[in-house]
Structure formats: structure tokens, C-alpha cells
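Chains, contacts and geometry: an overview
Listed below, chain by chain, are the residues.
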Amino acid sequence: MRRGFKRATIVTFLAFLTWSGGVSLAVNPSDNPILIIPGIMGSQLWARLNRTSVNHPQCSKTSDWYNIWLSLEQLVYPVEECASDNLMFNYNPDTKQYSNVEGVDIQVRDFGGTSSVEFLDPSLHILEPASYFHDIIQHFVSMGYTRGETIRAAPFDWRYAAVGLESNGYYAKLKDLIEEMYTSYNNPVTIIVHSMGGPVSLYFLTQVVSQDWKDTYIKQYITLSAVWAGSVKSARSIISGDNEGIILDRPIWGRESQRTFQTTLWLLPPAGDVWGPNNTIVYAPTGEYSAYDYERLMADVGYTNGPAMYRLIKDKTSEFPAPNVTTYCFYGLGKETPYKLHYDPDNFPNSPPKVTTIDGDGTVPNISLTVCGRWSKQQVHPVTLRSFSPVEHVHMLRNDGVISAIDEVMFN
Ligand SMILES: *[C@@H]1O[C@H](CO)[C@@H](O)[C@H](O)[C@H]1NC(C)=O
Ligand SMILES: *[C@@H]1O[C@H](CO)[C@@H](O)[C@H](O)[C@H]1NC(C)=O
Ligand SMILES: *[C@@H]1O[C@H](CO)[C@@H](O)[C@H](O)[C@H]1NC(C)=O
Ligand SMILES: *[C@@H]1O[C@H](CO)[C@@H](O)[C@H](O)[C@H]1NC(C)=O
């Protein structure tokens, strides 16, 4: 009760100061610098084309740099097929490396700034699906934070899973950025992550940096709807490719493109104690498949490159080592979320499945969202879980209750 009262007072006080304009606030941002790590499809991608051939007469072969993800213009037929084709990866089984399609350059911009994660489409700020971390960032800015200084972001090419990000230098840049923030403000950094930003940051905290480093540079770790142990939507997108997008409630990419992204495989429910061998995820005319059977499933649906690509990341998905930093694990519940897929013999694997659901945030099932709960027994740093219901996966970033809970963590 007392706590609630105090909160209300601070909020009123801040609102008052904001209205009176420009006065310095009760919060000193340098005490609590913030770094944001976005989720899948949560960073803008820019493309430049110089292709010799394209898959549709209306697709351009050449272009200057343009915002390929996300720009609403890019989602209109047939342009969306051009975007989908331009974002495909080529996988080379001999070198085990991914590359862009010949003649396509892809860039992530404004590393350390926030522009890449606030709005996915810089030209259309008002449209809801285009807004991503904007509400949270604007909230902190209204309390005195400065974009690109006391609040920053570490966008990335979300087609790569952690192993791919590591080899293309993302984690080295992330480490430098956190050290630079620490040095500028003389205070450890709060990391706020969403969705696939959960596993991306967990890999950093457990495989890249040392405990001494974390004790020095990280104040706390706030995770929002993190996909700790996969999403059944990912299985659906490699089988029938008719998945609902994680960000937009509609299919975006063709199956052919989805199957080339390293992250589609990384977000499959991993084999292990969350998704055991007896937990059938896919019922199909060709058989039943648990998380232990993906290679057989891929062979049965004609996803030829899948098994080799999957083997590169699978050992990196089944364990959830404790991050060993103070952790707040926030997630949404109260939305029916895909749990099992039932495919008809008719036109398998090209027709959509019937879906059995479980509680979750609409995209990530509760059993995946709550994996962080086990860390309280595995680390000395406190772990706090909190659910918000009903709150959908992306709406976590626009929910007032979630934003006040973040404030409570940051400023109490
Ligand atoms: C585009 O590619 C062609 C070869 O296919 C090359 O000769 C040309 O220099 C490239 N143009 C640019 C602007 O890179
Ligand atoms: C976390 O700390 C425990 C001991 O407190 C240690 O056994 C474990 O290896 C640490 N994990 C990481 C990822 O640093
Ligand atoms: C799976 O089911 C079999 C047969 O019912 C049982 O013997 C086995 O212990 C189960 N495995 C797990 C991990 O629950
Ligand atoms: C997940 O939700 C189901 C209901 O859909 C419930 O039976 C189950 O206990 C929940 N599991 C966890 C770990 O919250």
C-alpha cells in the first residue's frame, strides 16, 4: 500500500514537471543509463540493390539505400515479394556461412542510437504496427533521458541467431557500447530487451562476457516477453509458411524466405525439459514430431537445407544458463497461443494447420516465457517474475502497466 502511494506521488510530480516544461526532473538519467536490445524484426534494415535478375517483373534490380524492413510500401503485393526475395539468405553448406543474395547489400543503421528500434517505418509514425520501442523510449525521454546518450539501443540484423551475430561482430560492438556508456556516466547499465532480444542478450551474458565484467558494467536486466524456449509459430513457418508474423498480425514472408533465416530455426521450441520427447508439437500425415524430431520433420516437408542449418544452432538453444545478473522477467499472458499443430492429409504441407493453443502472449507460450523462473535457484542475484494479463507479445511495449513496472524497477 505504502509503495503504491509513493508511486502515485512520483508520477503526479513528474507529470506536473513535464507540464511546466523543461525543468530538470526528479530522475537523474546518468544514474541509470539504459540500453535496449530489440527482438526479431525489431530493427530497421536498409537495402541497396544491384541485381542481375529478379523474381517478378515489377521488382527493381538496382536501387540506392532504402528502408526494406519495415516500410509499408514494401508490404503491398507484388512489392512484398520483392522485399521477401531481397532479404533471403544463401546458406553455403561447405563454409557454413550465410550471405545475402547476390547483388543485395543489407545494413543496420544507427547502432547506439534509438531510431532503428522506435519505428520500424520511419515515414509512417502514426500507424500502430510501425511503432515498436517508441512508447518506452519516449516515456524515458519525457523524464529527462536523451536519445543516443542516456538511452541507447543495439539494433541487429535479426535474420541471424546468436552464433551468426557473434561471427559478424555484433557482440563485440555491444560490449564496447556498454563499456562506453559506463565510462560516460560512471554508472552500470540497465539492459531492457524484448522477444528474441531475450535469447540474444542471454547468449551475450553467458557466453561472451565474464562474471567480473557483468558485476562491473551491468546494473540489472529487464526482459519483456522473452522467447526463452521458442515459439510454435516458428515450426509453423518452416512447414506451411503461412504463419502470422511476430510483429504484424498477417503473413509477411513466403515460406521460401522464412526457411533461409537462421532465426526461424533458432526460435523453434528446443528439445530439452521444456519440450520433452513425449510432447508432440506437430501431427502430420507423415508422422508425429516432438522437438527431438525436427530433422525428420524437415526431410518430410522437403526443407533440404534445414537439418545442416539447424545443427549449427541447436546446441545453443536447449540450455538456459542463469545470466548471473539481477533479473526482472516480465511477460504477457491471457492470450491463446499456438501449442500444437495438426495438419490434414489434404495438400500437406501447403495448407494451414488446425492449432491447439495454450496460455501465453499470443506468440510465445507460457512454458517458454517462464523459463527465467528456474534461475532464482541457480544464481545469487535476485530474479523477479511478473506477468501482465491480458497483454499480447508486441503490446508489452505499449502497455501502461508494464511501463510503470519498469519505472518501479528503475527508480524505486
Ligand atoms: C553492379 O554490378 C555490376 C556487375 O554485375 C558491376 O559491374 C557494377 O559496377 C555494379 N554497380 C555498382 C554501383 O556497384
Ligand atoms: C553463474 O554463477 C554460478 C556460481 O554462482 C556459476 O556456477 C555459473 O557458471 C555462472 N554462470 C555464468 C553464465 O556465468
Ligand atoms: C515418454 O513416454 C514413455 C512411454 O510412455 C515413457 O516410458 C518415458 O518415460 C517418457 N519420457 C519422458 C521424458 O517423459
Ligand atoms: C500454461 O498454461 C496452461 C493453460 O493453458 C496451464 O495448464 C499450465 O499450468 C501453464 N504452465 C505454466 C508453466 O505456466
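The rules behind the values
Residues numbered from 1 in each chain as written. Chains lettered and ligands numbered in written order. Predicted model: local features only at pLDDT ≥ 70, side-chain atom pairs only at ≥ 80, totals over all residues. Helix = DSSP H or I, 4+ residues; strand = E, 2+ residues; numbered from the N terminus. Buried ≥ 20, exposed ≤ 12 C-beta atoms within 10 Å, placed from the backbone. Contact = placed C-beta atoms within 7 Å. Pairing = 2+ DSSP bridges. Axes fitted to C-alpha atoms, helices over the stretch in contact; angles between N-to-C directions. Near = placed C-beta within 6 Å. Nonpolar A, V, L, I, M, F, W, Y, C, P; charged D, E, K, R; others polar. Core = buried A, V, L, I, M, F, W, Y, C linked by C-beta atoms within 7 Å. Arc of directions from axis to C-beta. pLDDT = per-residue confidence, 0-100.

Moving on, we get to the overall build of the chain. When helices and strands are counted, the chain shows 15 helices and 15 strands. Counting across all 412 residues of the chain, residues that qualify as buried make up 43%. Intrachain contacts of the chain at a sequence separation of at least 6 include 72% that bridge at least 24 residues.

With that settled, consider the sheet that holds strand β1 (residues 34–37). Sheets are built from strands that pair by backbone hydrogen bonding, the pairs being arranged parallel or antiparallel. Within the open sheet, the six strands sit side by side as β7-β1-β8-β9-β12-β15. Their pairing is parallel. Strand pairing shows two members of the sheet lacking a second neighbour, β7 (151–153) and β15 (383–388), which therefore form its edges. In this sheet, neighbouring strand axes are inclined to one another by 20° on average, regardless of whether the strands run parallel or antiparallel. With six bridges joining them, strand β8 (residues 189–194) and strand β9 (residues 218–224) adopt parallel strand pairing.

Attention now goes to the site of ligand 2. Taken together, the residues surrounding ligand 2 are T206, Q211, P321, A322, N324, Q379 and V380. Split into classes, the residues belonging to the shell around ligand 2 amount to three nonpolar, four polar and no charged.

The next point concerns the sheet that holds strand β2 (residues 45–49). Taken together, the three strands give an open sheet; going across it, the order is β3-β2-β6, and neighbouring strands pair in antiparallel fashion. Two strands close off the open sheet at either side, each with one partner strand: β3 (66–69) and β6 (104–107). Along the sheet, successive strands turn relative to each other by an average axial angle of 40°, direction set aside. Examined bridge by bridge, β2 and β3 share three bridges and lie antiparallel to one another. Paired with A47 across the two strands is Y66, which belongs to β3.

What follows deals with the nonpolar core. In terms of nonpolar packing, the biggest core is built from 105 residues, with L35, I191 and L224 touching the most fellow members. The greatest single-element share of this core, amounting to five residues, is contributed by helix α6 (residues 170–185). Here L224 is in contact with I192, V193, H194, F330, M396, L397 and V402, once residues within four sequence places are set aside.

The next point concerns helix α9 (residues 232–239). Counting buried residues in α9 gives eight out of eight residues, a clear majority hidden from the surface. If you check which residues of α9 are buried, you get V232, K233, S234, A235, R236, S237, I238 and I239. Where α9 is buried, its residues contact α10 (255–258), α11 (262–266), β10 (282–284), α13 (306–314) and β13 (335–342). Remark: G241 follows α9 within two positions and exhibits a positive phi of approximately 70°.

Let us now look at α13. Regarding α13, the residues found buried are G306, M309, Y310 and I313. Down the axis of α13, the buried side of the element spans an arc of 100°, and every buried residue falls inside it. For α13, the elements touching its buried residues are β4 (89–92), α5 (162–167), α9, α11 and α12 (294–300).

Let us look at the pairing of β13. Note: β10 against β13, two bridges, orientation parallel. Paired with Y283 across the strands is H342, a residue of β13. Across seven bridges, β13 lies against strand β14 (residues 354–360) in antiparallel orientation. From the neighbouring strand, E336 faces β14, where its bridge partner is D359.

What follows concerns the confidence of the model for the chain. Per-residue pLDDT for the chain has a mean of 88; in total, 86% of the residues score no lower than 70. The model gives residues 1–25 a pLDDT under 50, and that stretch makes 13 contacts with residues more than four places away or in other chains. Confidence drops under a pLDDT of 50 for residues 246–250, and excluding neighbours within four residues, the segment shows 13 contacts in the predicted structure.

In the segment running from F348 into P349, the intervening peptide bond is cis, with an omega of 0°. Structurally, P349 is set in the loop between β13 and β14. For the bond running from S389 to P390, omega is -5°, close enough to zero to count as cis. When you line up the elements, P390 lands in the loop between β15 and α15 (400–411).

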